[in-house]
Amino acid sequence: MEREMQYSAKQDIKSLNQKELENLFVSFGEKSFRARQVYHWMHVKHATSFDEMSNISKSFKEKLEECCALTVLRQKLVQRSTLDETAKYLFELADGNMIESVRMKYKHGNSVCISSQAGCRMGCRFCASTLGGLTRNLTPAEMLDQIYRIQEDIGERVSHVVVMGTGEPLDNYDHLLKFLELLSDENGLNISQRNITVSTCGIVPNMRKLAKEKLQITLAISLHASSQEKREELMPVARKYGIDELLKACEEYFVQTGRRITFEYSLVGGVNDQPQDARKLAGLIRGLNCHVNLIPVNPIKERAYVQPAGQAVMDFKQILEKQGITVTVRREMGRDIDGACGQLRRRQMNK
Ligand code: SAH
């Protein structure tokens, strides 16, 4: 117990930007260039201990051990697809919580899908990640380290990041923002903001706040329905923030940032996959500068939702396209290692 308390009192230095790290080290009576060195070890070399930091003096290492925590996730399990190079990782956090992340290999590079929370409190009906509720927010360092650990594991650069794993990123707003700052920092992993996508179920006030940051990231909205009524059925968050208000915030996001919105639409057989749903959707979003990503729902055993017939997906796509909307159908990757989003963590928790 005592050790645990000591641990939590330590400064989480991997969640600090270089300036904040400098201020901390100066307060320790150290020279400010030490911050540059330690920052480089953490965010470029992905060091797993202070001991590895070979250009740091022994006495300063001791000070770091005493006062600072270095967040490093423990790889508990990896499921590697034999069909493509997709892999699902289960990581353990310092407090024993588990989270999952996914690596996908594309022609344009390696993309990693990260979790932003342990669990989720949004309650979307088709989603496995929310079944156990929210445990806690992830720190910026815990979000970053999912990417660092995967990059070290595969021995290749990660060029794209999607915040689409477990959790609602805009429900962990401040940590998300710091994470984005560190991830796109030229002294860190230096991932271009244009290669980062943040997906939200539609927490409107925080979308508005984010718009004012004028970042160059892509904002993806989990829409999944073409009417308020149907959206409420699938996503409890819709009761709080209505579809009209949501679409207005999307428009505002585009005006503020110049970034085209992506709408994600999970097609659920017999629920939201009918031609009239497509026509309604087209009517709703036609005026917006946007892109639609159709995702045949990934069935989870706790719910009775099923995938639409293959033809229904193509018909749905065509109806949108005829209205001048650009549409992609998400290619399913790592089919053999799957189970829907959040299932790996859930299986592990149930054990
Ligand atoms: N909370 C955020 C990000 C995490 S979910 C959000 O809601 O956007 C990432 C995406 O996966 C969302 O579009 C979500 O609706 C979708 N999703 C969740 N479970 C799914 C399932 N079983 N099948 C298909 N898509 C799913």
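For every chain, the first residue of the written sequence is number 1, and numbering continues from 1 along that sequence. Only residues with pLDDT of at least 70 are given local features in this predicted model, and only at 80 or more are side-chain atom pairs given and counted; all residues enter the totals for whole chains, interfaces and linings. Each side-chain value is worked out from all heavy atoms of the structure, with water and hydrogens disregarded.

J.: Describe the overall build of the chain, and please don't skip the residues or the numbers.
T.: A helix here means a DSSP run of H or I that spans at least four residues, while a strand means a run of E at least two residues long, and both kinds are numbered starting from the N terminus. The number of helices and strands found in the chain is 13 helices and 14 strands. The quantity called the radius of gyration is restricted to C-alpha atoms. Its globule counterpart is 2.2 Å times the number of residues to the power 0.38. Since a compact globule built from 351 residues should have a radius of gyration of about 20 Å, the 21 Å found for the chain is in line with a globular shape. Considering only C-alpha atoms, the chain reaches an extent of 70 × 45 × 40 Å along its principal axes. For each residue, the accessible area found with a 1.4 Å probe, counting protein chains only, is set against the maximum for its type, and the residue is called buried under 20%, exposed over 50%, and partly exposed in between. In the chain, buried positions account for 54% of the 351 residues. Contact criterion: two residues are considered in contact whenever any of their non-hydrogen atoms come within 4.5 Å of each other. Of the contacts made within the chain by residues no fewer than 6 positions apart, 67% connect residues no fewer than 24 positions apart. Total accessible area on the chain stands at roughly 16,100 Å², and carbon and sulfur atoms take up 47% of it. The sign given to each residue is positive for Lys and Arg and negative for Asp and Glu; His and the chain ends receive no count. Charged groups are reduced to one reference atom each: NZ for lysine, CZ for arginine, CG for aspartic acid, CD for glutamic acid. Between the averaged position of the 50 positive side-chain charges in the chain and that of its 44 negative side-chain charges there is a distance of 2 Å. For the area figures, the Shrake-Rupley method with a 1.4 Å probe applies, and any residue is considered shielded solely by the protein chains shown.

J.: Can you lay out the site of the ligand for me, pointing to particular residues and giving the numbers?
T.: Whether a residue is near a molecule or strand depends on its heavy atoms: it is near if one of them lies within 4 Å of it. Taken together, 17 residues form the shell around the ligand, and within it Glu168, Ser199, Ser222, His224 and Asn298 come nearest. Pairs of N or O atoms are called polar contacts if they sit within 3.5 Å, as long as, within protein, a hydrogen donor faces a hydrogen acceptor (for residues adjacent in sequence, only side-chain-to-side-chain pairs). Ser222 is positioned with one of its side-chain polar atoms (N or O) 2.6 Å from an oxygen atom of the ligand. His224 is positioned with one of its side-chain polar atoms (N or O) 2.6 Å from an oxygen atom of the ligand. Burial of the ligand by the protein amounts to 94% of the accessible area it has alone, namely 530 Å². Where the shell around the ligand is concerned, the elements lending two or more residues are strand 10 (196-200) and strand 12 (261-267).

J.: Could you give an account of the domain arrangement of the chain, naming the residues involved and the relevant values?
T.: The domain architecture assigned to the chain consists of domain 1 (2-69) and domain 2 (74-350). Annotation comment: domain bounds sourced from an automatic or database domain assignment. For domain 1 and domain 2, the distance between their C-alpha centroids amounts to 33 Å. Counting from both sides, the interface comprises 15 residues of domain 1 and, opposite them, 17 residues of domain 2. Summed over both partners, buried area is the accessible surface (1.4 Å probe) that two parts give up on being assembled. Each partner contributes to the roughly 1,200 Å² buried at the junction of domain 1 and domain 2, and carbon and sulfur atoms together form 48% of this total. Of all residues in domain 1, Lys14, Ser15 and His46 give up the largest surface area on contact with domain 2, accounting jointly for 43% of the area buried on that side. The salt bridge definition used is simple: a Lys or Arg side-chain nitrogen within 4 Å of an Asp or Glu carboxyl oxygen. Seen at the junction of domain 1 and domain 2, the total is two salt bridges.

J.: Which residues make up the pairing of strand 9 (residues 158-163), and what values go with them?
T.: Here strand 9 lies mainly inside the structure; six of its six residues are buried. Strand pairing is assigned whenever DSSP detects at least two bridges linking the two strands. Across four bridges, strand 6 (residues 109-113) lies against strand 9 in parallel orientation. Following the sheet pairing, Cys113 is matched in strand 9 by Val162. Two elements, strand 9 and strand 10, share three bridges in a ladder whose sense is parallel. Bridging from a neighbouring strand, Val161 pairs with Ile196 of strand 10. For the handedness criterion, the strands are oriented away from the viewer, and a crossover whose path from the first strand over the helix to the second runs clockwise is classed as right-handed. Taken together, strand 9, helix 6 (residues 173-183) and strand 10 constitute a β-α-β crossover, and its handedness is right-handed.

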